[in-house]
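Residue-level structural notes
Below, each chain spelled out in residue letters.
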Amino acid sequence: MAVLNEEQTMLKDMVSQWVRDRMPVGVARGLYDHSGGGRKDATTGFDADAYAEVAAMGWSGILVPEAHGGSDFGAFSLGFVLEELARALSPLPLLSSAMVAVSALRLGGNAAQQSAWLPGLADGSIIGALAVDEGAHHLPDILALTATRAENGWRLDGIKRPVADGMGAGLFIVAARGDDGTALFLVPADAAGLTREPLDQIDARRPALLRFDGVVLGDDAMLGQGDALLSAILDRAYVGQAAELLGLATQAFETTLEYLKTRVQFGQLIGSFQALQHRASEMFGELQLTRSAVEAALVAIDADDPQLPSLASLAKAIANETAHRITCEMVQLHGGIGMTHEHDAGLYLKRSRVAEQAYGSSSFHRERWARLNGY
Amino acid sequence: MAVLNEEQTMLKDMVSQWVRDRMPVGVARGLYDHSGGGRKDATTGFDADAYAEVAAMGWSGILVPEAHGGSDFGAFSLGFVLEELARALSPLPLLSSAMVAVSALRLGGNAAQQSAWLPGLADGSIIGALAVDEGAHHLPDILALTATRAENGWRLDGIKRPVADGMGAGLFIVAARGDDGTALFLVPADAAGLTREPLDQIDARRPALLRFDGVVLGDDAMLGQGDALLSAILDRAYVGQAAELLGLATQAFETTLEYLKTRVQFGQLIGSFQALQHRASEMFGELQLTRSAVEAALVAIDADDPQLPSLASLAKAIANETAHRITCEMVQLHGGIGMTHEHDAGLYLKRSRVAEQAYGSSSFHRERWARLNGY
Amino acid sequence: MNGLIFQGDAHAAAANADFQVWRKAMADKGWGTPTWDKAYGGAGLSAAQAKIIAQELSAIGAFNPIRSYGTMMLGPTLLEFGTEEQRLQHLPRISTHELRWCQGFSEPGAGSDLASLQMKCVDAGDHWVVSGQKIWTSGADQADWCFALVRTDTSVKHGGISFLLIDMTSPGVEARPIVLISGSTHFCEVFFNDVKVPKGNLVGAVNQGWNIAKRLLQFERSSLSEVKTDVTPLAPIAHAMLGTDAEGRIADADARARIVHNAMRHAAYLQTVRRFNEEARNGGPGNGVSTLKNLWSNIVQRRAELLVEVLGADGLGWSGDAYPADAREATRALLHSKAFSIYGGSYEIQNNITAKRSLGLPDR
Amino acid sequence: MNGLIFQGDAHAAAANADFQVWRKAMADKGWGTPTWDKAYGGAGLSAAQAKIIAQELSAIGAFNPIRSYGTMMLGPTLLEFGTEEQRLQHLPRISTHELRWCQGFSEPGAGSDLASLQMKCVDAGDHWVVSGQKIWTSGADQADWCFALVRTDTSVKHGGISFLLIDMTSPGVEARPIVLISGSTHFCEVFFNDVKVPKGNLVGAVNQGWNIAKRLLQFERSSLSEVKTDVTPLAPIAHAMLGTDAEGRIADADARARIVHNAMRHAAYLQTVRRFNEEARNGGPGNGVSTLKNLWSNIVQRRAELLVEVLGADGLGWSGDAYPADAREATRALLHSKAFSIYGGSYEIQNNITAKRSLGLPDR
């Protein structure tokens, strides 16, 4: 972990404490029904009460300027909050709302848009979500949802899926294909012509499928145009998702390590078997690489570093790989018990696979990094 | 190892015995000078006397029809001979001459050409070598050496490198670019305009750089035309080289295993350390895959199986990977002693890298397999 | 998680009326257990004749409708270690699939280290009293009988285990299905509370159960290597999901490289299964089962991950029409595949076995 | 193979007359060992001041011309464990690079398990008599002195080792260069046949050598983590050797995927070095050296293999103009790189250390 200043240290301690007290893995487990599917009676796929607490503590406003009710602590701070929460698979829309939606408004929003939305995002009264993907893969360069010129505004037609935290969001940042290329819109969840339905995903987080049937918007709903804006927003999403994967992988590793130190077979602690020790040492090494890449990318956001796209893809690709590997090892090293829904290993595995795909697979980010670096 | 018939069993035992008695690794070591380079006084880069013995035992004629002085035992038999010889890194031109050159004549040669060359190749009085590569990579689809029409024949201009066993070969099978595409020629080593020089390669096998400066050939030197013929010849080369890699890797593994059973550190045999046991078990698994792929490809040659191209690339790619991995492990598990020129580990590592590149790298064969199989 | 058998579509088939008729016809001829003596419900055929039946079944795309834990595990065990009375009592009802058996081996504290099992079996004069817990008992909630390893002597480890046949309807037996990460509820925990078992239900001698179990696990291992390994090639799905480039290749070059690598290893694995079978038929070494199992779990698990990766968000669904049925199946298959390197001797245990038996590496 | 130090172009530089002048100028100011007391040939500067010198050297692309085993290993050891007499005898001649030192630790039977070393050191009244063999002694054929671990008690393992300074010109000392697979002859075997060593050459107390060695190896490990890790990117070479596709990418997609993967890991490794250094400066955990070394050897070795793969047949040459000089260098670098996971504590030893110290995993 990078060196923190005093405020950051306090914040980090506070988050750890809160996760321990209020947000054990049992909360994530509570999203599942008995058979291992997402609970059908869930409305949002996240814990709305807990998010209100999180917002009251100011975490949802970490990226929001003070003028709009936030603390402007920066992405690095939000990054370790996301990481800590992800350790317990905390079902909260912090990445979607506090990282991605807030970044979208800061990067693209005019003064009126910022004033209209940032205070609500900061105090948690509104949850924002980015609607970019439309199918199986994250392909932000190829959008099918259309934005066509309508009287005094725009008309959106198409679908978005999966939209993380979309069932509980009040505001969607929608990426569309306009006549002049990519355009981004601010769409309230209650806009006429917009419907949503939950998807039963393996992590029980119930992302939304959004249908836009002639959703008509005013000119003031246009956040901005151009691939550059979308890319800049997505870079924040990549890094934030990587921070979550880092937290998830770190906890998966530590839980496994704990098991290795307590499980006895053949008359000895299984953690004393050298083959397992070496695998653990190698996982630890991968976690080190991942932490470095994630932290460097978070710092780059705060520093407006032009290398951010490359650093973001590095972080997401490596975080994907590490979380993938460690969640596999978590199940394997727990043996049969790790195969049961009753044990946490499966929850980490499932959430990891979702987060690996979210905002770009390893292939996507390695390809992006390679192109950015001349390979 | 696949099931052998009685004749094959006898042959295999005979080869093993001969390698033990006559061809220990010391013979390959003898190609090197004191400093680890190829001996400057070496003329052929292989052991010509030993090859005469090999020929006398009939191994050089295994693919040659009986009518031309061979035994027509088939590629499967020649495959395990190559494998056994490669265990000791035996510096012999058996792959070049008995596998590749003989296959070229069988696949492309007319009766006159076969009669002219096969008896000599069978009895070892002539050594054949395939001259196909022209630079850093095996790219048989892109040939620069030109064959142009001359009076009553052809004229060749260009270079070939590296040509395995080229310093001692009497006959080159030369792949050239003619007006109508690929063409193959039989070129005696003493043809006017053809010169050769040895290359000091890390395996001390001294392949040749051939220069063709207006080499004029008669029409009877044309072996055949078309990519299909060259591909068919190369398939044999791929599989033969894979068989050598299998032998090399198998011996590297067994030598390492022996070391694990004798070297003591921390008061115990290092082979009792579980982390090393698991790595050994995994290497053993890779060797099993490799053996299966190599044997299946050898069988496919003898059966004229239309799947041969796919099976050949599978065998070469997997043999490359396995030999690569095991030679790395051989050095690593021997520790410091494995880093010395005095120890055999380095010889296996160096020969492996050469054989991995020879007749196509892993990338080349995975790409070829992928295209053949619709990926 | 010892004792998982691939169920294929057997469960679905069993619910089918035609299937029931066919099973009865097979049972009447003794063809489900063709090499067993007719007195035991078999057909009294030679191994060669039995092979013809298997080939004929395979040729019409059928599987043996009698195949079960009973036919594959317990039957051979009773034939080798059981009394004539035990054989006559149990084998005919196995050969007709009349009664179903489950295998009570693993316990919460005895997984890889099976011999550390603790389920108590006390001699109460004219019967045994059994107390304890089993886990990973496949199909225990559906089973009529259980063959179990129990502890009859706590002073020694391997030498204190006995092999016992337990009627699952006995008072004090309770089977609870376990929900797996894939959603499957095929495995159970089974609790035994002071269960009375007749003296005659012990197979072999008291405290000789470990040898019987080792033999039985060989039957299991050899049946594992018969596992169906042909799978749909990933190429068409990858082309559909990832696109095709100008040269006709899967457009995502990075994913393609990994898919191809896995597919080639899979091809070599299938060649290896064929080679091992051929060698075994010809009396070859046959000590490669552990190696084969690890290659298999490694390659198949990676393939399952690749398939879900190729499916992207479509491969992340648990239920609902928003996800294609094939994709949902792939997702469950991925989750299920994680067990391949755990049950039947974990990946680590298999590596230990290979190191010691195949490679002769020393103990500490 | 303990004790390898990256030589870079130091050997070539040493032969240069200008370099000699510069080295002397640095030595005269004591700037090669700036924090040492002036009495020991240092400049008596603080750590902060020493850092400025290092930065200035780095800024002009120079390296410390005094840097040696003497300055990095033996010097700190004598400062901590030596007598004043020993310091005054040896340090000034280390700080001027007047005498060269080598490190006699490893033996043929004592590699990873260094403490099993057997080189005999017998008390002969007014002197010691040393007999045995050392190996992997870097630069022993050029060295004037050797600091060695010797066995003064055979009845205990770690507690029977002493730390001895041996004049390499003593009768009975013979150093023979070892030819490595890369062709390098930097390392030696050193034979000691009844070599007489003055009593005063023992550092610390008799049988206390292991503690001194452990401390010294910490100096070595911390110097390892300063190793230069910037390397030429593979991209331009790969484009040149493998071609470029229509989208400007390295044309061999399979090789590209592996090159990119390695390059990304390398980038994250460099970030990790920076992070660890930053954390260490701020008093962070600092127990990650073993982890870092294994990441480094793994990533750098793979890179060396990839470079040679990209070079194809050009990367297979040992000597001769037929091979480009850069390519020959890459080949030697590949062969040399195999030592990275062996010397200074093998990959396996580092994994053991990480498991125990960083992860707290139990001993058996």
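Predicted, not measured: the structure shown is a model, and the values here were computed from it. (Residues numbered from 1 in each chain as written. Chains lettered and ligands numbered in written order. Predicted model: local features only at pLDDT ≥ 70, side-chain atom pairs only at ≥ 80, totals over all residues. Heavy atoms only, no water.)

1. Some details on the interface of chain B and chain D
What counts here: Residue contacts are counted whenever heavy atoms from the two residues lie within 4.5 Å of one another. Put simply, buried area is the surface a 1.4 Å probe can reach on two separate parts but cannot reach once they are joined, added for both. Helical segments are the DSSP runs of H or I of at least four residues, strand segments are the runs of E of at least two, and each set is numbered from the N terminus. Ten residue types, Ala, Val, Leu, Ile, Met, Phe, Trp, Tyr, Cys and Pro, are classed as nonpolar, four, Asp, Glu, Lys and Arg, as charged, and the remainder, Gly among them, as polar. By definition, two strands form a pair when at least two bridges between them are found by DSSP.
At the interface, 42 residues of chain B touch 46 residues of chain D. Taken together, the two surfaces of chain B and chain D that pack against each other cover about 3,400 Å², and 59% of this comes from carbon and sulfur. Looking at the side of chain B that touches chain D element by element, the count peaks at 6 residues for helix 10 (residues 345-357) of chain B. A class-by-class count of the residues in the side of chain B that touches chain D yields 14 nonpolar, 19 polar and 9 charged. Inspection of the sheet shows strand 7 (residues 200-201) of chain B paired to strand 9 (residues 317-319) of chain D by 2 bridges, in the antiparallel sense. In the strand pairing of strand 9 of chain D, D200 of chain B is matched with S319 of chain D.

2. Describing the UniProt feature "domain: Acyl-CoA dehydrogenase/oxidase N-terminal" (unreviewed entry) in chain C
Stated formally: UniProt positions are given in the numbering used here, feature names are shortened, and annotations may be inferred rather than shown by experiment.
Listed under "domain: Acyl-CoA dehydrogenase/oxidase N-terminal" (unreviewed entry) in the UniProt record, and renumbered for this structure, are residues 17-97 of chain C. Secondary structure within residues 17-97 of chain C divides into 63% helix and 0% strand; the distance between the first and last C-alpha atoms comes to 15 Å.

3. Here's the deal with the relation of the copies chain C and chain D
Relating the two copies of this chain is a rotation about some axis coupled with a shift parallel to it. To keep it simple, the criterion reads: Least squares is the method used to superpose the copies, on C-alpha atoms of residues holding a pLDDT of at least 70 in both.
With an axial shift of 0.0 Å and an RMSD of 0.1 Å, the rotation relating chain C to chain D amounts to 180°. A rotation of that kind, with that shift, is consistent with a two-fold axis. Of every C-alpha in chain C, the one belonging to A253 of chain C sits nearest the axis of rotation, 3.0 Å from it. By residue overlap, the copies meet face to face through one surface: 100% of the interface positions of chain C are interface positions in chain D.

4. So, empty space enclosed by the protein
Residue and element names in this part refer to chain A. As a reminder of what qualifies: Here a cavity denotes grid points, spaced 1 Å and computed from the protein atoms alone, that fit a 1.4 Å probe unable to get out, and a pocket denotes an open set having protein on both sides within 12 Å along at least 5 of 7 lines; residues with an atom within 4 Å of a point are the lining. Grid points are joined across faces, edges and corners, and a volume is the space filled by probe spheres set on the points.
The final tally for this structure, using the stated rule, is 15 cavities of 30 Å³ or more. By volume, the second largest cavity is sized at about 380 Å³. If you go around the second largest cavity, you meet 27 residues; those closest to its centre are P162, A164, Q241, V354 and A358. Mapped by element, the contributors of at least two residues to the lining of the second largest cavity are helix 5 (94-108), helix 7 (227-260) and helix 10 (345-357). With 4 residues, helix 10 is the single largest residue contributor to the lining of the second largest cavity.

5. Some thoughts on the UniProt feature "domain: Acyl-CoA oxidase/dehydrogenase middle" (unreviewed entry) in chain C
The UniProt record annotates "domain: Acyl-CoA oxidase/dehydrogenase middle" (unreviewed entry) at residues 102-195 of chain C. Secondary structure across residues 102-195 of chain C divides into 0% helix and 50% strand, with the first and last C-alpha atoms of the span separated by 17 Å.

6. Here's the deal with the domain arrangement of chain A
Residue and element names in this part refer to chain A. Defined as follows: Domain limits in this description derive from either an automatic procedure or a database domain assignment. Definition used for salt bridges: Asp or Glu carboxyl oxygen within 4 Å of a side-chain nitrogen of Lys or Arg. N or O atoms closer than or at 3.5 Å make up a polar contact, with two conditions inside protein: a donor-capable atom paired with an acceptor-capable one, and, for residues adjacent in sequence, both atoms drawn from side chains.
According to the domain assignment, chain A consists of domain 1 (6-125), domain 2 (130-227) and domain 3 (234-372). In this structure, domain 1 and domain 3 have C-alpha centres spaced 21 Å apart. Domain 1 puts 21 residues into the contact, and the matching count from domain 3 is 27 residues. Buried area between domain 1 and domain 3, both sides added, is near 2,100 Å², and the carbon and sulfur share of it is 63%. Notably, a salt bridge pairs R87 with E254, separated by 3.1 Å at the nearest N-O pair. Counting every contact that joins domain 1 to domain 3 gives 10 residue pairs in polar contact (both at pLDDT 80 or more). Where the side of domain 1 that touches domain 3 is concerned, the elements lending two or more residues are helix 2 (25-29), helix 4 (75-87) and helix 5. For the side of domain 1 that touches domain 3, the per-class residue count stands at 12 nonpolar, 5 polar and 4 charged.

7. Details of helix 4 of chain A
All names here are of chain A. Selection rule: A helix's residues, less one, multiplied by 1.5 Å, set its expected span. Each residue's exposure class comes from its accessible area (1.4 Å probe, protein chains only) as a fraction of the maximum for that residue type: buried when under 20%, exposed when over 50%, partly exposed otherwise.
With 13 residues, helix 4 should reach 18 Å at 1.5 Å per residue; the first-to-last C-alpha distance of 18 Å fits that figure. Counting buried positions over the 13 residues of helix 4 gives 13, a clear majority of the element. Of the residues flanking the end of helix 4, it is L89, one or two places downstream, whose phi is positive at about 55°.

8. Side note on the UniProt feature "domain: Acyl-CoA dehydrogenase/oxidase C-terminal" (unreviewed entry) in chain A
The positions that UniProt labels "domain: Acyl-CoA dehydrogenase/oxidase C-terminal" (unreviewed entry) are, in the present scheme, residues 231-371 of chain A. In the segment residues 231-371 of chain A, helix accounts for 77% and strand for 3%; the C-alpha atoms at its two ends are 15 Å apart.

9. Describing the packing of helix 7 of chain A against helix 10 of chain A
Residue and element names in this part refer to chain A. Let me state the cut-off plainly: A fitted line through C-alpha atoms serves as each axis, taken over the contacting stretch for helices, and the angle formed by two N-to-C directions is quoted from 0 to 180°. Our angle categories are set so that under 35 degrees counts as roughly parallel, over 145 as roughly antiparallel, 65 to 115 as roughly perpendicular, and the remainder as oblique. Take the far helix as your reference; a near helix turned counterclockwise from it by less than a right angle gives a left-handed crossing, and one turned clockwise gives a right-handed crossing.
Packing of helix 7 against helix 10 brings their axes to within 10 Å, and their N-to-C directions diverge by 160°. It follows that helix 7 is roughly antiparallel to helix 10 by the angle criterion. Read as a crossing pair, helix 7 and helix 10 show a hand that is left-handed. Each of Q241, E244, L245, L248, Q251 and A252 in helix 7 lies in contact with helix 10, whose residues at this interface are Y348, R351, S352, A355 and E356. Residues belonging to the contact of helix 7 with helix 10 are distributed by class as follows: 5 nonpolar, 3 polar and 3 charged.

10. Looking at the nonpolar core
Rules: Among buried residues, those of type Ala, Val, Leu, Ile, Met, Phe, Trp, Tyr and Cys that are joined through side-chain atoms within 4.5 Å constitute a nonpolar core.
With 356 residues, the main nonpolar core has L156 and V187 of chain A together with L156 and V187 of chain B as its most contacted residues. Aside from chain neighbours lying at most four places away, what touches L156 of chain A is L145, T146, A147, V174, A176, F185, V187, F212, D213, G214, V215 and L217 of chain A.

11. Points about the confidence of the model for chain C
Our working rule: The predictor attaches a confidence to each residue, called pLDDT, with possible values from 0 through 100.
Looking at chain C as a whole, its pLDDT mean stands at 90, while 92% of the residues score no less than 70. Below a pLDDT of 50 lies the segment residues 1-9 of chain C, which in the model reaches 36 contacts outside its immediate sequence neighbourhood of four places, other chains included.

12. Considerations on the side chain of T327 of chain B
Residue and element names in this part refer to chain B. Position of T327 relative to the elements: it lies in helix 9 (residues 308-334). Looking at T327, its side chain comes within polar contact range of the main-chain oxygen of A323, at 2.7 Å. Setting aside anything within four residues of it in sequence, one finds T327 in contact with L248, Y348, L349, S352 and R353.

13. Describing unusual backbone geometry
Of note, the bond from R161 of chain A into P162 of chain A is cis; its omega dihedral lies within 30 degrees of zero at -15°. Checked against the element boundaries, P162 of chain A lands in strand 3 (residues 153-163). Although it is not a glycine, D165 of chain B sits at a positive phi angle of roughly 60°. Looking at the secondary structure, you find D165 of chain B in the loop between strand 3 (153-163) and strand 4 (171-178). A positive phi angle is found at Y359 of chain B, which is not glycine, with a value near 55°. When you line up the elements, Y359 of chain B lands in the loop between helix 10 and helix 11 (362-372).

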